[in-house]
Structure formats: C-alpha cells, structure tokens
Amino acid sequence: MENYFTTEEINTQKSLIKKGYFIFDIKEKKLLNEIRDKTLFHVKDWFKKRKIKLKINTNILNNIHKFISIENLNSLRLHVYNKLNLDRKFHENYFFIGKQYIDILCGNEVSMQKKVNLSIQLPKDDSSLLPVHSDVWQGDSPYELVLWIPLVNCAKTKSMYILPKKINKKFQDKLFKYNSTSKIFDEVKGKVKWLDIKYGQGLIFTQNIMHGNVVNLEKTTRWSFNCRFKSLLSPYSGKTIGDFFSPITIRAATRLGMNYEEPKKK
Ligand SMILES: [Fe+2]
C-alpha cells in the first residue's frame, strides 16, 4: 500500500494510531477566545436572570463552583449549550480550530456532529460522570474522531483519561467477564493515561479506545467541549448523517459525483 503523505501528516497520523489520541497547540487563538467569550456571555446572562452576583474579577469559569450549586448546574449547562448551538459562527469556529488536524486524521471532506457537547465538572461533583466506556460499543461508528477543547487548563482528575492502546486491547477482550463498568475501572485505574491539556490546546481522540472521567478532585471546575467528526463517505453506524451528523465540507468532485445522471437510453 502506498503512503503518499507529507512528514507532518505521517507524524500526526502515527501519533493517533499509536496512542489513540493527539494533542495540539491551537493556532487560531482568536477563534478560541471568541468561543470562550461567548460562553462567558451566556454564563453571565444565566446568573443575571437569577439575580445572582458573580465576582467579575475572578477567573469565573475555573471558579464557577463558588457561585452555583450542583442542583442548578444542569440548568446553567443547558442554557449555555443551547445558546451556543444556535450560533452557526460557534460551530464554524469550533471546526476551524481543529481543521488542520481533522483534515489530516479524518479527511478533507467531513461530517460534523450537529450539536457540540459541553461538559462542566465542579470539584467533588459526582453527578456528571462518564464511566469507563468505548462509544463504539454504544452504536458509534469506529470511523469517528472526537475533537475535545477545554476552556480552562485540565489535568489529573479535572481532565479525562484514556487507556493506552495495548492495555485497552487486553481489557476489551476480557470485557464480558465484568458485569459493571466500576469493576472494569477498578481493574484499569492504575493503568489509565490522564490527559494534560491546557487552555489553548486541543485533543483529538478515537472512541474505539476506552476512556472516561471520575469525580473532579482538583480545586477548580472543568469546562470542556467535545464534538465528533468523521470522513464524509466513511461508514456510519447508529449516528447517521442528517440525524446526528451534518456534512460541512463537500468538495466539487463529490458534488458532481452525487449529482451525476446517466444518459437516458431512450
Ligand atoms: Fe465517550
């Protein structure tokens, strides 16, 4: 099989295939800052409507747990999520932040998840955990990649973990012996790789490998977005085009091919 790629393309792809993830420095800082500023606007709006005062000088996102209870967290999350997802420029910025690497890793004609997910994890909050899992077991196509972008620095339990590929293989094959995800995690917790991702960096990972999070035991709150991308014409699974994914980059040759009509015989 031929492998006609540039050195950068080869190295980026090797990293994803070897480790299951790829962390990059975001070059489009302006687009990232726009997303953070829009998020902050909607956060402030939610508090304003409830007449709750936010100390504007504090690092609001990192310290949001000082102003909100766990019971109200989902209301804030949904407010910000819904407002941002109504905004086409937010979607466009999100894609362009990762485009250089999505092009290399997925292809230059892609489908994007219609709604970008938002995760907010307050310190010690156990209400929004993702137990160890691989999304492919739950109906995602193994051809999908996730672009994960934090709005604050994330490390240790404030971040997410992924299983090193070799260990993933070993535990995945033994999987049906376990009857609960917490038992799986007990087995693998000493072996998981916690991803250290700062504001200004992005992560692309494959959902074919087990990953998840635990209670945030750090002192500050996590804010991160995640959104799936896949090569437009690669196989879909439970999450289909039109329903869950939207094509965002269809190139001319594909458009011509899709619209091609055979000459009428008679
Ligand atoms: Fe997942």
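See the structure above.
Residues numbered from 1 in each chain as written. Predicted model: local features only at pLDDT ≥ 70, side-chain atom pairs only at ≥ 80, totals over all residues. Heavy atoms only, no water.

Asks: Would you take a moment to explain the state of the cysteines for this structure?
Replies: In a disulfide, the sulfur atoms of two cysteines are held together by a covalent bond. In total, this model carries zero disulfides according to the counting rule given. Here cysteine 106 stays free of any disulfide, with the sulfur of cysteine 227 as its closest cysteine sulfur at 11 Å. Residue cysteine 106 is classed as buried on the basis of its relative accessible area of 14%. (Disulfide = S-S within 2.5 Å. Buried < 20%, exposed > 50% of the residue type's maximum accessible area, 1.4 Å probe, protein only.)

Asks: For this particular structure, what's the right way to read the nonpolar core?
Replies: Nonpolar side chains in soluble globular proteins generally cluster together in the buried interior. Core analysis: the largest hydrophobic core is formed by 69 residues, its most contacted members being Val43, Ile64, Tyr94, Trp223 and Phe229. Ranked by residue count, the leading element in this core is helix H4 (residues 88–105), at eight residues. Beyond its immediate chain neighbours, meaning those up to four positions away, tryptophan 223 contacts Thr39, Val43, Leu61, Ile64, Leu76, Leu118, Ser119, Ile120, Ile149, Pro150, Leu151 and Val152. (Core = buried A, V, L, I, M, F, W, Y, C linked by side-chain atoms within 4.5 Å. Helix = DSSP H or I, 4+ residues; strand = E, 2+ residues; numbered from the N terminus. Contact = heavy atoms within 4.5 Å.)

Asks: Explain the side chain of lysine 158 here, please?
Replies: Relative to the helices and strands, lysine 158 resides in the loop between strand S4 (144–150) and strand S5 (161–162). Buried charge without a salt bridge: lysine 158, with glutamate 218 as the nearest opposite-charge side chain at an N-O distance of 8.4 Å. In this structure the side chain of lysine 158 is engaged in a polar contact, spanning 2.7 Å, whose partner is the side chain of asparagine 62. Ignoring sequence-local partners within four residues, the contact set of lysine 158 consists of Asn62, Val152, Asn153, Asn216, Glu218, Thr220, Thr221 and Arg222. (Lys, Arg positive; Asp, Glu negative; His and termini not counted. Salt bridge = Lys/Arg side-chain N within 4 Å of Asp/Glu carboxyl O. Polar contact = N/O pair within 3.5 Å; in protein donor to acceptor, adjacent residues only side chain to side chain.)

Asks: Quick question: what am I supposed to make of the packing of aromatic side chains here?
Replies: Two numbers describe a pair of aromatic rings. These are the distance of the centres and the angle of the planes. In this structure the tally under the stated criterion is 12 aromatic pairs. Every member of this aromatic cluster is reached through a ring pair, and the members are Phe22, Phe24 and Tyr101. A cation sits over an aromatic face here: arginine 77 above tyrosine 81, 6.0 Å from the ring centre. The ring of tyrosine 236 has lysine 230 sitting right over it, with the charged end atom 3.4 Å from the ring centre. (Phe/Tyr/Trp six-rings, centres within 6.5 Å; stacked < 30°, edge-to-face > 60°. Lys NZ or Arg CZ within 6 Å of the ring centre and 35° of its normal.)

Take it as geometry only, folks, not as evidence of what the structure does.
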